Amino acid sequence: SGVTIAFPNLTRTTLHFFAFIIATALVAFYPAHVISRYKPVMILNNKLGNSKGKGNMLQQALLVFQLFLSIAIVGITLIAARQIDFMQKFDTGFNASQTISVRAPASTNSDSLRLSRYRAFRNEVLQQPAFRSGASSMNIPGEEIRFHDEAIHPVGSTNEKKQSFWVMWIDEGYQETFGLNLLAGRNFNPEERGSTCLINETAARALGFENPADAVNTNLINQDNKTVTIVGLWQDYHHQSLRKPMEPVIFYYHHPHEYGYYSFRANVQQGDYMQALEKIYTRHYPNDNFNYYFLDRFFAAQYQSDQLFAKLLTLFSVISISVACLGLLGMATLAMVKRTKEIGVRKVLGASVWNILVLLSKNYIRLILISCVFAFPVCYYLTDQWLNGFAYQIDIQWWMIVIPGLLVLVATLLTISTQSIRAAMANPAKTLRDQ
């Protein structure tokens, strides 16, 4: 229903970049163009005329546009960085630390002894003091679940809503290896393969249970028209990034085939356990490569594009503010030259250095305020649309919008301060004599 805006869009970003470059070039070009029109003797005698007219209006309009871009980009960068930090620190509901996932061997895919081979492999690994638990699963956190079931429903009812449930193949070691929280019921019993399942809280609610724990010990009919008993309820955990909402998941005790994983939780205090794991794997599966992943890195890889985007935005913000300050410096230099006589007269009439600084700075503050009027709502709208792409997101606070304006204001005042102070400190007698 709303407008979807995806920031990491090459075409959109390129258009914004060229708009910024054009505005920057125009703002930087104008002071140089004006000064180049005058004869050297006029420049030396400070006879550049007044600061009014269409040219000055165009110059100020261009500067407002450049400041608008700078404030908006800094605001977007700040909010994007906050969202990424929020996602990285969010409690996913499972433990990814010290967990290694190895690709299940493909060479034994059609082997009738595949499960027993895996158990022999897992048992040998767990005999090592470096490892404390192991599990096989079709998918691991950070990867989309491959299977789903739209026909599953409680015994005695139907699935009229065509609710889709994700289906995971796991074994009894999944709970301990990934640190899942059992809320009700029990874990799998290896002797009950095919007749039982576990579910998450979202699945329990999708099945019609207001209290998720009530789903335990009830029966389901799956898409194969088989009856399975729910023996346990796990607390919801985020199997994928926070871009996606919590999904209903049914967990079956089923050994995965070649696309699955064998995962192990290592003891933190142990040393180099990877070499031991690889040696055992190679001994049991000599025809397969040892392909492994550290689960915390594997899960975090989902946010790589967002992190890259945030870094590019940060770089763009620095460039934006830097070039805007250069444009301001050019404008300030031109303005100081044009107002030399005015400044001298005001000092003769008793104006203090502070009065002169305020006089010279207030026009730029006004331009920044005008830029903020346009930048704040644009920044809010764009970031709000971007955040709508995340099922879990931060709230945009007022200070996230205001701080970029203050940052650009401080950068502006620092940029023009050298020229302003020099003009305010100049000897009025010498200044007026040179006019």
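In this numbering scheme, every chain counts its residues from 1 along its sequence in written order. Where totals are concerned, whole chains, interfaces and linings use all residues; where local detail is concerned, this predicted model gives features only for residues with pLDDT of at least 70, and gives and counts side-chain atom pairs only at 80 or more. Side-chain numbers here rest on the full set of heavy atoms in the structure, without hydrogens or water.

Considerations on the pattern of salt bridges
Right, on to step 1. Between Lys or Arg on one side and Asp or Glu on the other, a salt bridge is scored when a side-chain nitrogen of the former is within 4 Å of a carboxyl oxygen of the latter. According to the stated counting rule, one finds 6 salt bridges in the structure shown.
Right, on to step 2. Among the salt bridges present, the one from Arg 283 reaches Glu 124, with a minimum N-O distance of 2.2 Å. Of this pair, Arg 283 sits in helix α7 (residues 274-284) while Glu 124 sits in helix α4 (residues 114-126); the two residues are 159 residues apart in sequence, bridging distant segments of the chain.
Right, on to step 3. A cluster of three or more residues bridged by salt bridges with shared partners is formed by Arg 122, Asp 171 and Glu 172. Helix and strand definitions follow DSSP, with helices as H or I runs of at least four residues and strands as E runs of at least two, each counted in order from the N terminus.

A word on the packing of α4 against α7
Right, on to step 1. Axes here refer to lines fitted to C-alpha atoms; in helices the fit is confined to the stretch in contact. Angles between the N-to-C directions go from 0 to 180 degrees. Axis separation between α4 and α7 bottoms out at 10 Å; the angle between their running directions is 155°. Taken together, the axes of α4 and α7 are roughly antiparallel relative to one another. Seen from above, α4 lies across α7 with right-handed handedness. Facing Arg 117, Ala 120, Phe 121, Glu 124 and Val 125 of α4, the residues of α7 in contact are Leu 277, Ile 280, Tyr 281, Arg 283 and His 284. In this scheme, roughly parallel covers angles under 35 degrees and roughly antiparallel covers those over 145, while 65 to 115 is roughly perpendicular and the rest are oblique. Definitions for this section: a left-handed crossing has its near helix turned counterclockwise from the far helix by less than a right angle. A right-handed crossing has that turn clockwise. We call two residues in contact when some of their heavy atoms are within 4.5 Å.

Things to note about α7
Right, on to step 1. The set of residues buried in α7 consists of Met 274, Leu 277, Ile 280 and Tyr 281. One side of α7 carries all its buried residues, which in axial view fall inside an arc of 130°.
Right, on to step 2. Contacts from the buried residues of α7 go to β1 (99-103), α4, β2 (131-137), β11 (261-266) and β12 (292-294). Remark: exposure states derive from per-residue accessible area (1.4 Å probe, protein chains only) relative to the maximum for the residue type, with buried under 20%, exposed over 50%, and partly exposed in between. For this quantity, the arc is that covered by the directions from the helix axis to the C-beta atoms.

Some remarks on the pairing of β11
Right, on to step 1. Of all 6 residues making up β11, 6 are buried, and the element is well covered by its neighbours.
Right, on to step 2. Because side chains alternate across β11, one face comprises the buried residues Tyr 261, Ser 263 and Arg 265, and the other comprises Tyr 262, Phe 264 and Ala 266, equally buried.
Right, on to step 3. As paired strands, β2 and β11 are joined by 6 bridges and run antiparallel to one another. Bridged to Ser 137 within β11 is Tyr 261. Strand pairing is assigned whenever DSSP identifies at least 2 bridges connecting the two strands.

Examining α4
Right, on to step 1. One less than the number of residues in a helix, times 1.5 Å, gives the span that helix is expected to have. For α4, spanning 13 residues, the distance from its first C-alpha to its last is 18 Å, which sits close to the expected 18 Å at 1.5 Å a residue.
Right, on to step 2. Among all positions in α4, only Arg 114, Leu 115, Tyr 118, Phe 121, Arg 122 and Val 125 are buried. Here the buried residues of α4 occupy an arc of 125° about the axis, which is enough to place them on one side.
Right, on to step 3. In this fold, the buried residues of α4 make contact with β2, β11 and α7.

Some thoughts on unusual backbone geometry
Right, on to step 1. Of note in this structure, Asn 217 is not a glycine but carries a positive phi near 75°.
Right, on to step 2. Examined against the element boundaries, Asn 217 turns out to sit in the loop between α6 (201-206) and β8 (219-221).
Right, on to step 3. In this model, Asn 225 sits at a positive phi of 65°, which is unusual for a non-glycine residue.
Right, on to step 4. Structurally, Asn 225 is set in the loop between β8 and β9 (227-234).

As for empty space enclosed by the protein
Right, on to step 1. Here the term cavity refers to a set of points on a 1 Å grid, laid over the protein atoms alone, in which a 1.4 Å probe fits but cannot get out; the term pocket refers to an open set having protein on both sides within 12 Å along at least five of seven lines, with lining residues being those that place an atom within 4 Å of a point. Grid points are joined across faces, edges and corners, and a volume is the space filled by probe spheres set on the points. Considering all chains together, one arrives at 1 cavity of 30 Å³ or more under this definition.
Right, on to step 2. Here the largest cavity defines a volume of roughly 40 Å³.
Right, on to step 3. As for the largest cavity, its lining consists of Leu 115, Tyr 118, Arg 119, Arg 122, Ser 136, Asp 171, Glu 172, Tyr 253, His 254 and His 255.
Right, on to step 4. With 4 residues, the top contributor of residues to the lining of the largest cavity is α4.
Right, on to step 5. Three classes are used: nonpolar for Ala, Val, Leu, Ile, Met, Phe, Trp, Tyr, Cys and Pro, charged for Asp, Glu, Lys and Arg, and polar for all others, with Gly counted as polar. In terms of residue class, the lining of the largest cavity is made up of 3 nonpolar, 3 polar and 4 charged.

A look at the confidence of the model for the protein chain
Regions with low pLDDT should not have their predicted coordinates read in detail.
Right, on to step 1. The predictor rates its confidence in each residue with pLDDT, a number between 0 and 100. For the protein chain, per-residue confidence averages 81 on the pLDDT scale, and residues scoring 70 or more make up 76% of the total.
Right, on to step 2. Between residues 1-13, whose pLDDT stays under 50, and residues either more than four places distant or in other chains, the model counts 18 contacts.
Right, on to step 3. For the stretch residues 38-44, pLDDT sits under 50, and the model shows 6 contacts to residues farther than four places along the chain or on other chains.

With respect to the nonpolar core
Right, on to step 1. Residues belong to one nonpolar core when they are buried, are Ala, Val, Leu, Ile, Met, Phe, Trp, Tyr or Cys, and are joined through side-chain atoms within 4.5 Å. By size, the foremost hydrophobic cluster in this structure holds 42 residues, and its most contacted members are Ile 79, Met 168, Tyr 174 and Phe 251.
Right, on to step 2. Every element with two or more residues in this core is listed here: α3 (54-89), β5 (165-170), β9, β10 (249-253), α8 (295-300), α9 (304-338), α11 (353-387) and α12 (398-425).
Right, on to step 3. For this core, the element with the highest residue contribution is α3, accounting for 5 residues.
Right, on to step 4. Apart from residues no more than four positions distant in its own chain, Phe 251 is found in contact with Met 168, Ile 170, Tyr 174, Phe 188, Cys 197, Leu 198, Ile 199, Asn 200, Trp 234 and Tyr 237.
Right, on to step 5. Counting 20 residues, the second largest nonpolar core, distinct from the first, contains Ala 184, Ala 215, Val 228 and Ile 230.

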